[in-house]
Amino acid sequence: MARLLLFYVVLKPFVHGVLGLNVGRKDLLPRAGPAILVANHNSHLDTLVLLSLFPYRLAKNIRPVASAEYFLSNRFLAWFVLRLLRIIPANRAMLDGVHAALASGEIVLLFPEGTRGEPEQLAPLQCGIAHIAKSHPDVPITPVFIRGTGKALPRGDPVLVPFLCSVQLGEAMLWCGDKVQFMRNLERGFHELGCRR
Amino acid sequence: MNPALLTVTLGTLVLLVIASAAIVLLRPSSEGDELIRRLKTWWVIAPLFLMALLPGRAFTLAFFAIVSFLALREYFSLIPTRRADRRVLLYAYASIPLQFAWVQWDRYGMFAIFIPVYMFLLIPLRMLITGHTDGFLSAVGTLYWGLMTTVYCLSHVGALLLLPHGGVGLVLYVVVLTQWNDVMQYIWGRSLGHSKVLPSVSPGKTWAGLIGGICSTIALSIALAPFLTPLTRWESVLAGALIALGGFLGDVTVSAVKRDLNHKDTGTMLPGHGGILDRIDSFIYTAPLFFHMVRYLHF
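Note that the coordinates shown come from a computational prediction; the quantities given were computed from them, not determined experimentally.

**Side note on the overall build of chain B**
Argument step 1. A tally of helices and strands in chain B yields eleven helices and zero strands.
Argument step 2. Computed over the C-alpha atoms, the radius of gyration of chain B is 19 Å, within 12% of the 19 Å expected from 2.2 N^0.38 for a compact globule of 299 residues.
Argument step 3. Summarising its shape, the C-alpha atoms of chain B cover approximately 60 × 45 × 30 Å along the three principal directions.
Argument step 4. By the burial criterion, 43% of the 299 residues in chain B qualify as buried.
Argument step 5. Put simply, of all contacts in chain B between residues at least 6 apart along the chain, 70% involve residues at least 24 apart.

**So, the overall build of chain A**
Argument step 1. Scanning chain A from N- to C-terminus turns up nine helices and seven strands.
Argument step 2. In summary, chain A has a C-alpha radius of gyration of 16 Å against a globular reference of 16 Å for 197 residues, a match within 12%.
Argument step 3. By principal-axis analysis of the C-alpha atoms, chain A measures approximately 40 × 35 × 30 Å.
Argument step 4. The 197 residues of chain A split such that 38% are buried.

**Re the confidence of the model for chain B**
Argument step 1. Averaged over chain B, the pLDDT score is 91; the fraction of residues at 70 or greater is 98%.
Argument step 2. Interface confidence for the predicted complex, expressed as ipTM, amounts to 0.88; the pTM equals 0.92.

**What about the sheet that holds strand β3 (residues 62-67) of chain A?**
All names here are of chain A.
Argument step 1. In spatial order, the strands read β1-β7-β6-β2-β5-β3-β4; together these seven strands make up an open sheet with mixed pairing. Every interior strand has two partners, whereas the edge strands, β1 (21-24) and β4 (88-90), have only one. Averaged over neighbouring strand pairs, the angle between their axes works out to 25° when direction is ignored.
Argument step 2. Two elements, strand β2 (residues 35-39) and strand β5 (residues 107-110), share four bridges in a ladder whose sense is parallel. Bridge pairing in β5 links valine 38 to leucine 110.
Argument step 3. This element, helix α6 (residues 94-103), spans β3, β4 and β5 of the sheet and lies at about 155° to β4.

**Section: the nonpolar core**
Argument step 1. With 127 residues, the main nonpolar core has B:Leu154 and B:Val174 as its most contacted residues.
Argument step 2. Setting aside residues up to four positions removed in sequence, B:Leu154 forms contacts with B:Phe64, B:Val67, B:Ser68, B:Ala71, B:Ile280, B:Phe283 and B:Ala287.

**Notes on the interface of chain A and chain B**
Argument step 1. With ten residues of chain A in contact, the opposing surface of chain B contributes twelve residues.
Argument step 2. Class assignment of the residues belonging to the side of chain A that touches chain B gives a composition of six nonpolar, three polar and one charged.

**A look at unusual backbone geometry**
Argument step 1. Positive phi, normally seen in glycine, also occurs at A:Arg86, with a value near 50°.
Argument step 2. The exposure class of A:Arg86 is partly exposed, given the 15 C-beta atoms found within 10 Å.
Argument step 3. Residue B:Asn262 is not a glycine yet carries a positive backbone phi of 60°.
Argument step 4. In this structure, B:Asn262 sits in the loop between α9 (233-261) and α10 (276-280).
Argument step 5. C-beta crowding within 10 Å serves as the criterion here: with 7 such atoms nearby, B:Asn262 is assigned to the exposed category.

**A few points about the environment of A:Gly17**
Argument step 1. One can find A:Gly17 in helix α1 (residues 2-19).
Argument step 2. Linking A:Gly17 and A:Thr47, residues 30 residues apart in sequence, is a C-alpha distance of 17 Å.

**Some details on the pairing of β3(A)**
All names here are of chain A.
Argument step 1. Among the six residues that make up β3, five are buried, leaving the element largely enclosed by the rest of the structure.
Argument step 2. Note that β3 and β5 share three bridges and pair parallel. Bridging from a neighbouring strand, isoleucine 62 pairs with isoleucine 107 of β5.
Argument step 3. Note that β3 and β4 share three bridges and pair parallel. In the strand pairing of β4, valine 65 is matched with isoleucine 88.

**Section: helix α7 (residues 168-192) of chain B**
Argument step 1. End to end, α7(B) covers 36 Å across 25 residues, agreeing with the expected 36 Å (1.5 Å per residue, within 8%).
Argument step 2. Burial analysis of α7(B) places 18 of its 25 residues in the buried class, the great majority of the element.

Analysis parameters
- Residues numbered from 1 in each chain as written.
- Chains lettered and ligands numbered in written order.
- Predicted model: local features only at pLDDT ≥ 70, side-chain atom pairs only at ≥ 80, totals over all residues.
- Helix = DSSP H or I, 4+ residues; strand = E, 2+ residues; numbered from the N terminus.
- Rg over C-alpha atoms; globule rule 2.2 N^0.38 Å.
- Buried ≥ 20, exposed ≤ 12 C-beta atoms within 10 Å, placed from the backbone.
- Contact = placed C-beta atoms within 7 Å.
- pLDDT = per-residue confidence, 0-100.
- Pairing = 2+ DSSP bridges.
- Axes fitted to C-alpha atoms, helices over the stretch in contact; angles between N-to-C directions.
- Core = buried A, V, L, I, M, F, W, Y, C linked by C-beta atoms within 7 Å.
- Nonpolar A, V, L, I, M, F, W, Y, C, P; charged D, E, K, R; others polar.
- Expected span 1.5 Å × (residues − 1).

Structural data, given as structure tokens:
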């Protein structure tokens, strides 16, 4: 109940009112779990923006993978991200967490760059996503390219400044049987989305 | 309910119904979808604006303050900004509620000088504190230009509420005429336009569109003046011409900005129109010019 209220009274008005959001190809958003969303990562806002794309029915089952070191460092923040955002901490037990989430039909949100880089510049992708895809060959993986969040709330600056954000969704892909090829496909997917306006 | 507001509301409704019927019946093949999207957006923004006039001055001003915020946010998202200036942008945003508050508090003097004097001095000062001189001039210039256009110029629509017995009628007058002029210039230009006014800036603007727009806007400005304004017949002709020309100038000014930045539209907020700046660009000229004309002649 608290999450439902937060979703519609705080999150949605914040993303649309303070930031402003433009979504390209919203029809490519997964309509049911299990599914994986992979996105470029520039800001803490990325998770919130992606959550806001979904109706609450799906948003409540979204499990963002987030740094355990950072988010579990203080007790209040840990309560917030574990209870309200339901993150899967990115630590040694991460893969188990992801497998469990996908097995129970949830949508996993991954930032394969591993960290928030320079705005709109894609850092090299970590291959953890390939391991996950290999173990779940029939779970669709949707690439997402986010712009603007890195200007609104970049790494290393706690002050939020309103900027329009845009989210471009790509065609879902499946595990192709080969790790190198999979990572290459994923990178190409991101690159195409990054060129799309 | 204010009888003038009621008349204009009914008039707007009739126009929207006629336009919708025309699109459904004629089914223009080229750009048909675009026109339908545009009209759908009109069905949302026209009632929103008219409702914003109903509850009173503070509410109307809040409406325009929100429009200013959306326009400024769109502008800041469009231009290149330096990361070092993030806090300066917050100062610019923070000036919006104040600028409209001067109107609410009947402080014409502060309204007139707050952005051109105080914000003009404060923004470079705040930028100096960050200490980044690379791109200083272009940063302060682009940032301030956005503040002047999306906040200062637009706030002159709200400032019409400051004028004694001015109020809602004058706001309706300038907004309806400015939007009418946009639509008329578009329709005239589409139906019989060939030679372009400013081909290198805006290839869509033709002499036929401009002159047809001026004539249509003057016709409506004469018709509406007795209901909404204290203007005499000849003053209303002048107001119509000023709004038509000003609307054209505002439009091509923002076109030049878009060309410079390689964008077709300023945003995507208003389907069929583009961004919010694409819709309100005409007010950059019409709002201050009309405000000062009325203030000079009647108050």
